[in-house]
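# Examining the three-dimensional arrangement
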Amino acid sequence: MKTVILPLVLAATQLVWWPGGWVPGAPEHGDPLSAGITVLATLLGAAALCLRRTRPVASLVGAAAAITVAVLASPYDGVLTLALADLVALYSVAAWRPRHTWVIALVSLVVWQAAVGALEFGVTSEGIAEYGFMVVAYVVVAGGGVARQQWRAGRQAAADALRQARTAHREAGSGERQRLSAELHDVSAHHLTSIVVSVNAAVRLRRSRPELLAESLTAAATTGRKALAELRALLGGSGPAPTGPHLSDRLAELSDAFTRLGQHVTLEAPDPGPLPLPVTEAAHAVVREALTNTLRYAPGGTVRVRLALTTNPASDVGQLAVVVDNDLVAGGNVVRLGSGRGLAGLRRRVTALGGTLTAGPAGDDGWQVSATVPATAPARNRSERWWAAHRTPLIDVGIVAVLLAFSIAGLYIPDEDNWTVHPVPLGIWPLFLLIAHGAPLLVRSRAPWVAWAGVFATAGLWPLWLTPDGMTDDLASALIFAIGAEAVAVYTVGAHARHQGLSLAVLPASAAVLGAMSIAVRVKDAADAGRAIDPAPTVFLGLLTGAAVTALLVLAWAGGFVVRLRRDGVVRREHSAVTAAVAAAESEARAERARLVGGLREQVLQHTERVVAAADAGNPDDVVAAARAALAAMRELLTALDPATTAATAEPLGAAEPAGTERPGALAASA
C-alpha cells in the first residue's frame, strides 16, 4: 500500500495543475488531444512508480517515457509534479540495484533528458541553466539512493550480529558444555593414552630392553604433569592456550612427539601462511586425535599426515585440507581406550567452521581421516574491492566535479543571438577562484571542518569578481552554482563533525562570512561607481542579504544533523543490543563452566595426580592403572557434559566390522 500512495499523490497533483487548471497560475487549457495525452501519460507514470520496489529499472523506463510524452504534449510548465517521477524511480534504482545498474541508468537519463529538452525548448541559456540544475538533482538523488542501500546493508549486518548474539545467549549453556567437553578431550585424552601405550610396551619388553621402563616412567611423569597443568587451566576457565601461530610448526612438533612414542610419522605440511585461529585449532585437533588413535589401535604403524591449502575457483574461498592415514599393523587388536566421542566432537567442530570431516577405510589395509575447512572468507571480486576502497573519495570527487562543471559552464554561456562565446570578464581569475572554492570539498569526509573553512575562505574572495560595471550575467550564473559548495560544506559539518554541539557553531560562522562578503560587495560596487557610501543602509542590506543566504545554509545543516542523529541513534541502539546479548551469553557461559568444572577436579584430576605420583615412585603397574582410571573418569564426565554426542557415537559407524576385530587406527570407532 505504501508504494501506491506516492504515485497517487503525484498523479492527482499533476492533473489538478494541468490539464485541470484548478490552481492559480496554472497554464491555460489546451486542446482536448493534448489534455488527453497528458492524462494518459500521467496515469502511465503513476503506474510505473508502483513498480519502483520490485522492478525499479522498468519503473524508471516507464516514468521517463511518461514524462517525455507529457512534456511534448503539454504547454510550457504544464508538467509540474509528473516531472518528479523519474527522480523517484532513479532513487529506487540506486537504492535497490547494483552499482553498474544505477550508473547506466543515471547516464542514460541525463542524456535522454538533454535530447528531450533540446527538442522541445531548443538550446537557450535559460534551458542550459535549467538542465544544469536537473543534472545536479539527478546526481543528488542517485547519491541518496546509494546511501540508502548502504544504510540498509549496515542495518542488515547489525541485525545478523544481534541474531547471532541472541542465539549464542540461548545456546550459551549447552555450548559451554560442548566447548568444555572438547577442551577436556583434547587436553587429557592423548596424554593419558600415550602413557598407557608407552608404559605397557615398556613392561612387555622389560626383559629384553630394561632401559625402556625407566624412560617410559620418566616420560609418564612429564606427560602427566603437562596434563595436570592444562587441566588446571581449564578449571580456571582460560582453556588451553595455543602453542603457536604457525600450523606447520605445531604439526611438526606433534609428529615428533608421536615418533618418540614409536609411530612412524611422515609429515607433508608446507607453510600455509597465517590462518584464522579457529581454523588452526581445528586442524591441529584433527591431526592430534587421528595420531592418538593410531597409537591406540595401530601402535608402531606408519602414519602419513598431509596438509594443503587450495582455493575453490567457484567461490574464491581458501580451503585447508588435512589428511591423516595409516596402514594396517599385525596384531593391532588392542584393548579399547577411547570414549567413542572424538569423531562426533571433531565433526561438529569442523562443521561449525563450514567444513567437512570424513573417516573410514582406506583401501584394504588402512584407515583415513580427512577434513576440509574454509580458511578464508569469500573474496569479493576485484571491482567490488576497488569500489569499497575508493567509494568515499569518489563520491567527494563527483560532488566537486558536478559543482565545478556547471559553475564553469556558467562562465561560458554563449550569446543566444549568434551563439558566440564572449570573453570572460577578469580573464582566468574567476576560473581559478571556482576551482579553489570547490577543491576543499575533496577532504570533506575525512576533515569536515577543514572543508568548511576552505570553502568559506574562498567565498570571501567573491567581491574581487566585480568589474567596474558590476556583476555581469555570466559571473552571476557561475556564482549561482558555486554557492552549492557552501551548502555541501555546512551539510557535511552537521552530518560528520566529531562533536555534535560544536557543529552548531558553523551557522553563526557562516552567517558572519556571508554578511561580511555582502557588505564588501556593496562597498566595492559603490566605490567603482563613484558613489558615496552610507554605512547604515550598506550594513543593514548586507546583513539582510547574508541572513537570507544563511537561512538556506541552516536547512543544509539541519538536514545533515538530522541524518547524523538518526544514524548515531540507530547504531547506538544496535550496538547496545548486541553488547547486552553478548554479555548475557558470556555470563551464562561462565556460570555454566563454574558449575561443571567441580566434577573435573574430583573425577579426572585426582587420577592424573596418581599417575604422576606412581611414575615418580617407579611403579609401572600403578601408572597404567591410574591412567586407565583417569580415562574412564574422563569418559563419564564427557557423557555428563555432552550426552548428545554420546548418543551420536553410539551409532554403529563401524557396524560392518565383525565383533571383536577393531580396525587399526579406526577413528570412527575410537575417537
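Further up the page is the structure itself.
Structure report, in brief. If you're wondering where the values come from, they're calculated on a predicted model, not measured in any experiment.

Our focus in this paragraph is the overall build of the chain. Scanning the chain from terminus to terminus reveals 22 helices and 5 strands. Here the chain, with 671 residues, has 42% of them falling under the buried criterion. At a minimum sequence separation of 6, the contacts of the chain that also span at least 24 residues come to 75%. Accessible area of the chain: about 32,900 Å², with a carbon and sulfur share of 64%.

On inspection of all chains with the given rule, the structure shows 8 salt bridges. Ionic pairing is found between R304 and D327, a salt bridge with its closest N-O pair at 2.8 Å. One end of the pair, R304, is in strand β2 (residues 302–312); the other, D327, is in strand β3 (residues 317–327), with 23 residues separating them in the sequence. With a relative accessible area of 26%, R304 lands in the partly exposed category. Measuring nitrogen to oxygen at the nearest pair gives 3.5 Å for the salt bridge that ties R567 to D568. One network of salt bridges, in which partners are shared, links R304, R306, D325 and D327.

Among the surface-exposed residues, K2, R53, R148, R566, R572 and R573 lie close enough to one another that they form a single positively charged patch. The biggest single contributor to the positive patch is helix α19 (residues 535–617), with 3 residues.

With that settled, the discussion passes to the packing of aromatic side chains. Ring pairs (aromatic) are described by centroid distance and by the angle formed between their planes. Under the definition given, this model contains 3 aromatic pairs. Between the aromatic rings of W557 and F561, the centroid separation amounts to 4.8 Å while the plane-to-plane angle is 15 degrees, which identifies the pairing as stacked. Here W557 pairs with F561, and both are found in helix α19, just 4 residues apart, close to one helical turn. Each of the two residues, W557 as well as F561, counts as buried. In this structure an aromatic cluster arises from ring pairing among W449, W452 and F456. Lying across the ring of W96, R152 places its NZ or CZ 4.0 Å from the centre.

Together, V16, W22 and V23 give the surface a local cluster of nonpolar side chains, amounting to about 300 Å² of exposed area. Looking at the secondary structure, you find W22 in the loop between α1 (2–17) and α2 (32–49). Judged by relative accessible area, W22 falls into the exposed class, the value being 67%.

Let's shift gears to helix α14 (residues 448–459). Look at α14: 17 Å from first C-alpha to last across 12 residues, which is about the 16 Å you get at 1.5 Å a residue. Burial in α14 covers these residues: P448, A451, W452, G454, V455, F456, T458 and A459.

Let's shift gears to the environment of V523. Inspection of the secondary structure assignment puts V523 in helix α18 (residues 506–529). Of the residues examined, V523 reaches a relative accessible area of 32% and is grouped as partly exposed. Measuring from C-alpha to C-alpha, the distance between V523 and I533 comes to 6.9 Å, with 10 residues separating the pair along the chain. Leaving out residues up to four positions away in the same chain, V523 has contacts with I533 and T538.

Regarding helix α13 (residues 429–438), the residues found buried are P430, L433, L434, H437 and G438. Axial view of α13: buried residues confined to an arc of 120 degrees, hence all on one face.

Position of D325 relative to the elements: it lies in strand β3. Judged by its relative accessible area of 7%, D325 is buried. Reaching out from D325, the side chain makes a polar contact with the side chain of R304 at a distance of 2.7 Å. Looking at D325, its side chain comes within polar contact range of the side chain of R306, at 3.1 Å.

Turning our attention to the layout of surface pockets. In this structure, the second largest pocket spans a volume of roughly 1,800 Å³. G143, G144, I395, I399 and R444 are the residues nearest the centre of the second largest pocket, which is lined by 47 residues in total. Elements with a minimum of two residues in the lining of the second largest pocket: α5 (99–121), α6 (125–170), α12 (382–411), α15 (473–482), α16 (484–496) and α19. Of the residues forming the lining of the second largest pocket, the biggest block, 13 residues, is contributed by α6. Partitioning the lining of the second largest pocket into residue classes produces 32 nonpolar, 9 polar and 6 charged.

A separate point is the packing of helix α9 (residues 247–260) against helix α10 (residues 277–297). Remark: α9 packs on α10, axes separated minimally by 10 Å, with the N-to-C direction vectors making an angle of 15 degrees. Here α9 lies roughly parallel to α10, going by the angle between them. Every pair of crossing elements has a handedness; the one defined by α9 and α10 is right-handed. Here L247, R250, L251, L254 and F258 of α9 come into contact with α10, specifically with T280, E281, A283, H284, V287, R288, L291, T292 and L295. Here the contact of α9 with α10 is composed, by residue class, of 8 nonpolar, 3 polar and 3 charged.

How each quantity is defined
Residues numbered from 1 in each chain as written. Predicted model: local features only at pLDDT ≥ 70, side-chain atom pairs only at ≥ 80, totals over all residues. Heavy atoms only, no water. Helix = DSSP H or I, 4+ residues; strand = E, 2+ residues; numbered from the N terminus. Buried < 20%, exposed > 50% of the residue type's maximum accessible area, 1.4 Å probe, protein only. Contact = heavy atoms within 4.5 Å. Areas by Shrake-Rupley, 256 points an atom, 1.4 Å probe, with all protein chains shown as cover. Salt bridge = Lys/Arg side-chain N within 4 Å of Asp/Glu carboxyl O. Patch = residues over 30% accessible without salt bridge, like charges linked within 9 Å, V, L, I, M, F, W, Y side chains within 5 Å. Lys, Arg positive; Asp, Glu negative; His and termini not counted. Charge placed at Lys NZ, Arg CZ, Asp CG, Glu CD. Phe/Tyr/Trp six-rings, centres within 6.5 Å; stacked < 30°, edge-to-face > 60°. Lys NZ or Arg CZ within 6 Å of the ring centre and 35° of its normal. Expected span 1.5 Å × (residues − 1). Arc of directions from axis to C-beta. Polar contact = N/O pair within 3.5 Å; in protein donor to acceptor, adjacent residues only side chain to side chain. 1 Å grid on protein atoms, 1.4 Å probe; cavity = no way out; pocket = protein on both sides within 12 Å on 5 of 7 lines; lining within 4 Å. Points joined across faces, edges and corners; volume = space filled by probe spheres on them. Nonpolar A, V, L, I, M, F, W, Y, C, P; charged D, E, K, R; others polar. Axes fitted to C-alpha atoms, helices over the stretch in contact; angles between N-to-C directions. Parallel < 35°, antiparallel > 145°, perpendicular 65-115°, else oblique. Left-handed = near helix turned anticlockwise from the far one by under 90°.

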